[in-house]
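# Geometric and topological summary
Here is what each chain is made of, one letter per residue.
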Amino acid sequence: MDVDDCIIVGAGPAGLTAAIYLARYHLSIRMFDCGTSRASWIPTSHNHAGFPDGIHGEDLLDRMREQAAKYGALREPKRVTDLAKQGDLFIVTCDDETYRARTVLLATGVVNNRPDGMDDQLHDEALSRGLIRYCPVCDGYEVTDKRVGVIGTGDHGTAEALFLRGYTADLTLISPNGDHDLSDECSAALDEAGIARRVGPCGAFAITGDRLSVETAEGSMEFDSVYPALGSVVRSGLAQACGAQVSDGDCIIVDDHMETSVPGLFAAGDVVLGLDQISHAMGQAGVAATTIRNHLAEQRPLRR
């Protein structure tokens, strides 16, 4: 069985950037893509440098795929189901197929938790129209002085609402289930910022004209945009299966060169603890890919 220099798991901005770098280093690589990159959800990114008029997430991924393919880094539409290390090699399993590699880069990302009771069709339409948003760092500017709802509670919901207060004064924090679970500190901070609160549960979502209506225990409300502050699921299961250390929140722990606690296993992007931004993921991927290249060169000369 052939041995690849590197297998990349995930084909979002981090995985594709790493693929471009590694292919241009003349290394033999495989890139597995299960087709669920969170970047594809972005209707239009206005804070990605180089695109002053914004770019759709899928369009950005298409450009990166084309660039990776230009250098021979092709995606394989497969889901990796297991990862293990045997001796100096990694065994990557895709259902009933196995592959071997000298190094592995995990760029598996995270999955946002959606509001309960919102069907896929409504969610996708609301997302495409900016009625549902998941990243205030990315698109808070787009809700400047608009009416915004935040579905969440506790420290996380409070932090998101307070962050958005920098863009608009018309904010309501809605508990997803029953009464809010707020500490005295959170309540005081919300009061000081003038952020309204509504008791849940919330549901019966509907698009009404240019707004998203939300039913709460205290009546129906309409918003220009709603941010679910419901956390996310970090896709670090493969790293854990391979013995890599993760944080309390399941993010993969890496060193300054993006290497995990398992030698030869690297990670980049949202699956790593840090700022969940495309630019940050791409920078991490460049560091990881270059470190992988240099590690492989220490094992055997890389010459043409």
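Let me sum up the structure you'll find in this document. Note that the coordinates shown come from a computational prediction; the quantities given were computed from them, not determined experimentally. (Residues numbered from 1 in each chain as written. Predicted model: local features only at pLDDT ≥ 70, side-chain atom pairs only at ≥ 80, totals over all residues. Heavy atoms only, no water.)

## Some thoughts on the side chain of Thr 158
In this fold, Thr 158 is placed in helix α5 (residues 154–164). Exposure remark for Thr 158: the relative accessible area of 3% places this residue in the buried category. In this view, Thr 158 contacts Thr 153, Leu 173, Leu 182, Cys 186 and Leu 190; residues no more than four positions away in its chain are not counted. (Helix = DSSP H or I, 4+ residues; strand = E, 2+ residues; numbered from the N terminus. Buried < 20%, exposed > 50% of the residue type's maximum accessible area, 1.4 Å probe, protein only. Contact = heavy atoms within 4.5 Å.)

## Here's the deal with the nonpolar core
By size, the foremost hydrophobic cluster in this structure holds 57 residues, and its most contacted members are Ile 8, Ile 29, Leu 83, Val 104, Leu 105, Leu 106 and Leu 265. Residues contacting Leu 265, with those up to four places away along its chain left out, are Leu 83, Phe 90, Val 104, Leu 106, Cys 242, Ala 244, Met 258, Glu 259 and Thr 260. Within the second largest apolar cluster, 16 residues are counted, among which are Leu 122, Leu 127, Phe 223 and Val 226. (Core = buried A, V, L, I, M, F, W, Y, C linked by side-chain atoms within 4.5 Å.)

## Here we look at the packing of helix α1 (residues 13–24) against helix α2 (residues 57–70)
The N-to-C vectors of α1 and α2 enclose an angle of 20°; their axes lie 9 Å apart at closest approach. In this view, α1 runs roughly parallel relative to α2, as classed from their interaxial angle. The two elements α1 and α2 meet at a crossing, and its hand is left-handed. Packed against α1, whose contacting residues are Pro 13, Leu 16, Thr 17, Ala 19 and Ile 20, the element α2 presents Leu 61, Met 64, Arg 65, Gln 67 and Ala 68 at the interface. (Axes fitted to C-alpha atoms, helices over the stretch in contact; angles between N-to-C directions. Parallel < 35°, antiparallel > 145°, perpendicular 65-115°, else oblique. Left-handed = near helix turned anticlockwise from the far one by under 90°.)

## Observations concerning α1
Because an α-helix completes one turn every 3.6 residues, residues spaced three or four positions apart along the sequence face the same direction. Taking 1.5 Å of rise per residue, 12 residues should cover 16 Å, and α1 covers 17 Å from first to last C-alpha, within 8% of that figure. Of all 12 residues that make up α1, 10 are buried, and the element is covered over most of its length. By the burial criterion, the buried members of α1 are Pro 13, Ala 14, Gly 15, Leu 16, Thr 17, Ala 18, Ala 19, Ile 20, Leu 22 and Ala 23. Buried residues belonging to α1 abut β1 (3–9), β2 (29–32), α2, β3 (75–76), β6 (97–106) and α8 (278–299). (Expected span 1.5 Å × (residues − 1).)

Don't take any of this as a statement about function, it's just geometry.
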